[in-house]
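The chain contents come next:
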Amino acid sequence: MACCNSKSLLTFGLLIICVTLTLLGVGEGRVPFACDPQNGLTRGFKFCRTNVPIHVRVQDLVGRLTLPEKIRLVVNNAIAVPRLGIQGYEWWSEALHGVSDVGPGTKFGGAYPGATSFPQVITTAASFNQSLWQEIGRVVSDEARAMYNGGVGGLTYWSPNVNIFRDPRWGRGQETPGEDPTLAAKYAASYVQGLQGDGSGNRLKVAASCKHYTAYDLDNWNGIDRFHFNARVSKQDLEDTYDVPFKACVLDGKVASVMCSYNQVNGKPTCADPDLLRNTIRGKWRLNGYIVSDCDSVGVFYDNQHYTSTPEEAAAEAIKAGLDLDCGPFLALHTEGAINKGLISENDLNLALANLLTVQMRLGMFDGEPSAQQYGNLGPGDVCTEAHQELALEAARQGIVLLQNNGNTLPLSPVQHRTVAVIGPNSDVTVTMIGNYAGVACGYTTPLQGIARYVKTIHQAACRDVGCGDNQLFGVAEMAARHGDATVLVIGLDQSIEAETRDRVGLLLPGHQQELVSRVARASIGPVILVIMSGGPVDVSFAKADPKIGAILWVGYPGQAGGTAIADVIFGRTNPGGRLPMTWYPQDYVAKVPMTNMDMRPNPASGYPGRTYRFYKGPVVFPFGHGLSYTRFTHSLALAPKQVSVPYASLKALKNSTASSKGVRVSHANCGALEVGFHVDVKNEGTMDGTHTLLIFSKPPRGKWNAIKQLVSFHKIHVPAGSKQRVKVGVHVCKHLSIVDEFGIRRIPMGEHELQIGDVKHSISVQTLEEIKH
């Protein structure tokens, strides 16, 4: 084989691998998988026996490794151990919304030129559709397994990002499911379940990783970056906002990994905090998997944050805190020194390594050639399939949000509007549509191309890019608008404005885009539709108030099929049903709120207005959950309980309770049978079939409890025109009607709770069983 003559063979270990390749007759460039049954080198090792329990196999393998080998296995570019038949492995791959080549573990080319690129997460979240999220995860993991089988991909994917989109300026908000903890939690669990498979026999299809734990939502703002930021977070906000999606990842999604973040939380680096890692993730939530650092974050808390005096202390602090894998070289360089100085023991390292090897064995990476395994039949023909690309299109359709539709401007008619002027810096873009952490898409349909499938188009970008630094081409754009039967303006942002390491300074459209919109709208002879492509919210108050702009659509970053989805909505093939997963604030909001303030709740004394729809009560451009349809839905309650009693878990819990003043602690309640069932009839009273997002919010009793409106549940239903669908809604008292007090304790307030079910309000009285008896 050619590899055996290669000048790149620098070590005896690589030579052994190459000779083994030749003996096995493995294809050109393919390193043999660990524990191949034909490999006499490994046949007798216990860790290769698939009929032995995984923990026994792991123990056997750890016992065969030398200390230097162990140290080089707890970093992302883990070394090969040729004497044990183990090849090197790159842990770092990404699959935020499709298999990506951002991490070095996955490469496109040859039989795998690209992969299906789904809409950016913020767009997919707008669908409020759990089954869609899970199906996307399943497709992504199919393509990931196929690439692994082909030797060009890994099986450990550091996705999804489930941080709360706390501040509208955050450059990475586009990667998240939005601002609401319940929405983020449901997304996290659903996507992870799709990626990892059904978990049968403790096996994993791929291993997901929920990131970045915790209170990470500032990249680079006003001279403050994520490497130096100390997030000061109350116990209350940590428990009822920042940690909620991570808890769901572990408990509901059964995720195989959690990634700790760069920032400090209350003075401690998250990757060196045993309370967060060892006590919470692995202790309270019982993570069955590994904890990984964000890349170079162990080095960051030593070099940038100066948290320890020596690098050996930093390595020891991370491992003692519960870190298992370092993305970066820091642990490889300094762990042996930490052991030699007595800061940690080799057994501490063994425990971390065991967590890593357990995940690899659950993935089948020590079971030999994957073709004989469960997903071994997946190959190039399973990537970018017609069905996968159709799902990417459907996801984009479901994520589009109709923000405004004055006078039923939309949908347009291809018969009445035969020529459409398509204008704006995002009108004919490709890679802009897939956002960040994306791979190589199977192909693209731009907005211009999508609209051109319906009607004749006149195109003018008008700006050289979204920065729109001058208005020299605006006259030509106005001319185009005068010659169209309708005008579609596709504007917004891209990764030059919002991205990792790049937070926005404000919420207005960049450069001269606002001027472009106003001038083109004024010149247009037909209806004007504004299409906003962005991850974060944009203050388009001017457009809302412009009588010439009939309809406004937000499409996020809609993925490879974005142009088709946009056109399908504009021309009525698709009835939009997306809802905003984040509040759209006016520009003056961010003028008053520093990104560094992590408090969710308002502080009237200081004038701090609070964050997200749950706590901020000021003016908005568009509210969380907003989204219109081409038809009209109404709601009525067919079954709606008015009272529920909360039994105590035990006599001891009853004696320790402070229900009268502070509500029953969830830990004191017998939560097992406290789900209350509601039946909701949703009627489509319009003339077009539609998919409706039913949102259910709750408010605690008035008085001493903050009047917080919080999302407790959501349901996606298809309702044909003129018909009615009944939805069964479960509201769990402990999960959905509880709130977190200032000490971080979750309690169930007694009294009248208000439920908002669609456009219907309903009160339910919550009392203790003892109160009802008396």
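Here the structure is a predicted model, which is why all the values come from computation and not from measurement.

Enquirer: Quick one: what's the story with the sheet that holds strand S9 (residues 257-260), residue by residue and with numbers?
Expert: What the three strands build is an open sheet, ordered S5-S9-S12; its pairing is parallel. Every interior strand has two partners, whereas the edge strands, strand S5 (210-213) and strand S12 (290-293), have only one. In this sheet, neighbouring strand axes are inclined to one another by 30° on average, regardless of whether the strands run parallel or antiparallel. Where S9 meets S12, four bridges bridge the pair, whose relative direction is parallel.

Enquirer: Go over the environment of Val 74, please, and point to the residues and values.
Expert: Within the secondary structure, Val 74 sits in the loop between helix H3 (67-71) and strand S1 (77-78). It is 8.7 Å that separates the C-alpha atoms of Val 74 and Cys 327, two residues lying 253 residues apart in sequence. Leaving out residues up to four positions away in the same chain, Val 74 has contacts with Asp 324, Leu 325, Asp 326, Leu 331, Leu 349, Leu 353 and Leu 356.

Enquirer: Which residues make up the pattern of salt bridges, and what values go with them?
Expert: What the rule picks out here adds up to 31 salt bridges. The residue Glu 94 makes a salt bridge to Lys 211 at a minimum N-O spacing of 3.0 Å. Within this pair, whereas Glu 94 is found in the loop between strand S2 (89-90) and helix H4 (121-125), its partner Lys 211 is found in strand S5, the two being separated by 117 residues in sequence. Of the two residues, Glu 94 and Lys 211, both sit in the buried class. Note that Glu 312 is salt-bridged to Lys 341, the shortest N-O span being 3.5 Å. Remark: Lys 341 occurs in the loop between helix H12 (330-340) and helix H13 (346-362) and Glu 312 occurs in helix H11 (residues 311-321); sequence separation between them is 29 residues. With relative accessibility at 16%, the residue Glu 312 sits in the buried group.

Enquirer: I'd like to hear about the state of the cysteines, residue by residue, with values.
Expert: According to the stated counting rule, one finds seven disulfides in the structure shown. Disulfide pairing places Cys 260 opposite Cys 271 at an S-S distance of 2.1 Å. The S-S bond linking Cys 260 to Cys 271 shows a torsion near 110°; that makes this disulfide right-handed. Remark: Cys 271 occurs in the loop between strand S11 (268-269) and helix H9 (275-284) and Cys 260 occurs in strand S9; sequence separation between them is eleven residues.

Enquirer: Can you tell me about helix H2 (residues 54-64), naming the residues and giving the values?
Expert: All of the buried residues in H2 are Ile 54, Arg 57, Val 58, Asp 60, Leu 61 and Val 62. Of the surrounding elements, those touching the buried residues of H2 are H3 and H13.

Enquirer: I'd like a rundown of the packing of helix H7 (residues 235-242) against helix H8 (residues 244-251), residues and numbers included.
Expert: Here H7 crosses H8 at 50°, and the two axes come no closer than 5 Å. Accordingly, the angle class assigned to the pair H7 and H8 is oblique. On the side of H7, the interface is formed by Glu 239, Asp 240, Thr 241 and Tyr 242, while H8 contributes Val 244, Pro 245, Phe 246 and Lys 247. When its residues are assigned to classes, the contact of H7 with H8 shows four nonpolar, one polar and three charged.

Enquirer: Please set out H7 residue by residue, giving values where relevant.
Expert: Counting buried positions along H7 gives six out of eight residues, so the element sits mostly inside the fold. Taken together, the buried positions of H7 are occupied by Gln 236, Asp 237, Leu 238, Asp 240, Thr 241 and Tyr 242. Lining the buried residues of H7 we find helix H6 (181-196), H8, helix H21 (612-615), strand S26 (739-740) and strand S27 (746-748).

Enquirer: How would you summarise the sheet that holds strand S28 (residues 751-757) if you had to cite specific residues and measurements?
Expert: Read across the open sheet, the five strands follow the order S20-S29-S28-S23-S24; overall the sheet is mixed. Sheet topology places strand S20 (643-646) and strand S24 (710-719) at the edges, where each strand pairs with a single neighbour. Across the sheet, the axes of successive neighbouring strands diverge by a mean angle of 25°, strand direction being ignored.

Thresholds, definitions, all that
- Residues numbered from 1 in each chain as written.
- Predicted model: local features only at pLDDT ≥ 70, side-chain atom pairs only at ≥ 80, totals over all residues.
- Heavy atoms only, no water.
- Pairing = 2+ DSSP bridges.
- Helix = DSSP H or I, 4+ residues; strand = E, 2+ residues; numbered from the N terminus.
- Axes fitted to C-alpha atoms, helices over the stretch in contact; angles between N-to-C directions.
- Contact = heavy atoms within 4.5 Å.
- Salt bridge = Lys/Arg side-chain N within 4 Å of Asp/Glu carboxyl O.
- Buried < 20%, exposed > 50% of the residue type's maximum accessible area, 1.4 Å probe, protein only.
- Disulfide = S-S within 2.5 Å.
- Parallel < 35°, antiparallel > 145°, perpendicular 65-115°, else oblique.
- Nonpolar A, V, L, I, M, F, W, Y, C, P; charged D, E, K, R; others polar.

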